[in-house]
Amino acid sequence: MRETTRLTLVSRHYCHLCQEMELALSALLADFPIDLEVLDVDADPLLEASYDELVPVLLHDGKELCHYFLDVAKVRDYLSEIR
């Protein structure tokens, strides 16, 4: 049994790029055991201070994997390396 990897998507509700990244992540969710946590940047002042203009931001253990657009190849390679 493979261990689940938790990824965090820092997002906002009215952001079309955020919605597109979350949708694009579905292919990776099918290929890797991922637990995706979606956080609203506007609901947390610390997140907003760090990521306000960068959303959407995809993180793993606080490490930024990509922002604005999902870099599928980069994230797929990263997930393969940490397995």
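Residues numbered from 1 in each chain as written. Predicted model: local features only at pLDDT ≥ 70, side-chain atom pairs only at ≥ 80, totals over all residues. Heavy atoms only, no water.

> Residues and numbers for the sheet that holds strand β3 (residues 57-60), please.
With respect to topology, four strands assemble into an open sheet ordered β2-β1-β3-β4, the strand pairing being mixed. Two strands in the sheet have a free side with no partner beyond their single neighbour: β2 (34-40) and β4 (63-67). Averaged over neighbouring strand pairs, the angle between their axes works out to 25° when direction is ignored. With seven bridges joining them, strand β1 (residues 5-11) and β2 adopt parallel strand pairing. Considered in β2, the bridge of Leu7 is made with Leu36. (Pairing = 2+ DSSP bridges. Helix = DSSP H or I, 4+ residues; strand = E, 2+ residues; numbered from the N terminus. Axes fitted to C-alpha atoms, helices over the stretch in contact; angles between N-to-C directions.)

> Before we move on, can you summarise the pattern of salt bridges with the specific residues and values?
Summed over the entire model, instances satisfying the criterion amount to five salt bridges. Residue Asp52 is joined to Arg12 by a salt bridge in which the shortest nitrogen-to-oxygen separation is 2.7 Å. On the criterion of sequence distance, the pair formed by Asp52 in the loop between α2 (45-51) and β3 and Arg12 in the loop between β1 and α1 (16-31) is long-range, its members being 40 residues apart. Its salt-bridge partner being Arg76, residue Asp31 comes within 3.0 Å of it at the nearest N-O pair. You can see Asp31 sitting in helix α1 and its partner Arg76 sitting in helix α3 (residues 72-82), a full 45 residues away along the chain. A relative accessible area of 40% places Asp31 in the partly exposed class. Judged by relative accessible area, which is 27%, Arg76 ranks as partly exposed. Three or more residues are tied together by salt bridges with common partners; here these are Arg6, Asp35 and Glu37. (Salt bridge = Lys/Arg side-chain N within 4 Å of Asp/Glu carboxyl O. Buried < 20%, exposed > 50% of the residue type's maximum accessible area, 1.4 Å probe, protein only.)

> Which residues make up the confidence of the model for the protein chain, and what are the values?
For the protein chain, mean pLDDT is 94; residues scoring 70 or higher make up 98% of the total. Here α1 is the element of the protein chain with the lowest mean pLDDT, 93, and β3 is the one with the highest, 98. (pLDDT = per-residue confidence, 0-100.)

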